[in-house]
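Descriptive analysis of the structure
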Amino acid sequence: MTKLIQGNKNVSDANLLPWQGDALNTFSDKMKDKEHLFPCIPATQSFSMGHLRYGFVGHPKNYQTSLELASLLKEFTINCKNYGKYTTLIIFFDTPEHLIESSSVEDFERLFWKQLNNLNELDEMDWPAHIPKDPSNHTWEYCFHGEQYFMYCATPKHEKRQSRHFPYMMMAITPRWVLQEFNKNEKYARKIKKQVRRRIDKYDDISIHSALNSYGNADNHEWKQYFLRDKDDTELPQCPFLNSLINKENKN
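Now for a quick tour of the structure. Please read all numbers here as calculations on a predicted model, not as lab measurements.

The rules behind each value
Residues numbered from 1 in each chain as written. Predicted model: local features only at pLDDT ≥ 70, side-chain atom pairs only at ≥ 80, totals over all residues. Heavy atoms only, no water. Core = buried A, V, L, I, M, F, W, Y, C linked by side-chain atoms within 4.5 Å. Buried < 20%, exposed > 50% of the residue type's maximum accessible area, 1.4 Å probe, protein only. Helix = DSSP H or I, 4+ residues; strand = E, 2+ residues; numbered from the N terminus. Contact = heavy atoms within 4.5 Å. Salt bridge = Lys/Arg side-chain N within 4 Å of Asp/Glu carboxyl O. Pairing = 2+ DSSP bridges. Right-handed = clockwise from strand over helix to strand, strands pointing away.

1. Overview of the nonpolar core
Among the nonpolar cores identified, the biggest contains 68 residues, and Phe27, Phe92 and Phe112 are the most heavily contacted of them. In terms of residue count, helix H5 (residues 105–122) provides more of this core than any other element does, seven residues in total. Other than its neighbours up to four places away in sequence, phenylalanine 92 contacts Trp19, Ala23, Leu24, Phe27, Tyr54, Gly55, Phe56, Val57, Phe166, Met169 and Met170.

2. As for helix H2 (residues 41–49)
Along H2, the positions that sit buried rather than exposed are Ile41, Thr44, Ser46 and Phe47. Each element contacted by the buried residues of H2 is listed here: helix H1 (18–32), strand E2 (53–57) and helix H7 (186–203). A positive backbone phi angle near 75° is found at glycine 50, which sits one or two residues after H2.

3. Points about the pattern of salt bridges
Under the definition given, this model contains nine salt bridges. Here lysine 74 and glutamate 124 are joined by a salt bridge, their closest N and O atoms 2.9 Å apart. Taken together, the residues lysine 74 in helix H3 (residues 63–79) and glutamate 124 in the loop between H5 and strand E4 (142–144) connect sequence positions 50 residues apart. Under the relative-accessibility criterion, glutamate 124 is labelled exposed at 59%. Note that arginine 110 is salt-bridged to aspartate 107, the shortest N-O span being 2.4 Å. Placement of both arginine 110 and aspartate 107 in helix H5 is noted, with a separation of three residues, approximately one turn of the helix. On the basis of relative accessibility, which here comes to 25%, the residue aspartate 107 falls in the partly exposed class.

4. Here we look at the side chain of asparagine 117
If you trace the backbone, asparagine 117 turns up in helix H5. Sequence-distant contacts of asparagine 117, defined by excluding residues within four places in its chain, comprise Pro240, Phe241 and Ser244.

5. A few points about the pairing of E2
E2 sits mainly inside the fold: five of its five residues count as buried. What you see with E2 is no split at all: Arg53, Gly55 and Val57 on one side and Tyr54 and Phe56 on the other are buried throughout. When strand E1 (residues 5–6) meets E2, the two strands line up antiparallel, connected through two bridges. Its bridge partner lying in E2, glutamine 6 is registered against arginine 53. As judged from the five bridges shared by E2 and strand E3 (residues 89–93), these two strands associate in the parallel manner. Bridge assignment links valine 57 to a residue of E3, and that residue is phenylalanine 93. Once the chain exits E2 it traverses H3 before rejoining the sheet at E3, and the crossover so formed is right-handed.

The structure is reproduced here in structure tokens:
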């Protein structure tokens, strides 16, 4: 299925495969859990308001999956401002048990960045001129079809960081304009960010990752927040996306 599903849509009405229905129901349960509150308050608000959109793609290792992901993200990008001011695209990957058993968190990290690199190759639009191409720049963030996005990845192998755990590989893709809308009221935004951090402390069995920061801060690197490792604060020495734009330009 390569069509977007509307937020809060009844699973039985969506004609889903068993794993897709399971993923959607599991995500819904995670967002609605009143005993273990999911840390990202804007995500739970977006869920409750029906602003989320959902998509399903294939095996994380397959290039066909990248084609499916590019199609869904393009559709979302074109229409996202009609979905609600807190919209986000949730992507579930078909993640078979044998892949989970044979993979580590770092293996999923490589698959995540491979998908982002493939997405960039498939992007029909040029990289926005106002966004640096070097991920080490504090104003850099991932772009697709002319839109700026914050990327989040969860995997079945995350254990200590339950805020990054999901039974299927999953991506949450949030437009920058959504985050700007949320941060318009600075006093309210600061209050929510403090609450989010308190929730992370309770939700995870490990301290908050040192990479978590705010977009635009001089010491911030967005790419480091996209995929957090599970057992410590270690991170890749450089962004795996660093050469992607250069390679694409050279091909053209």
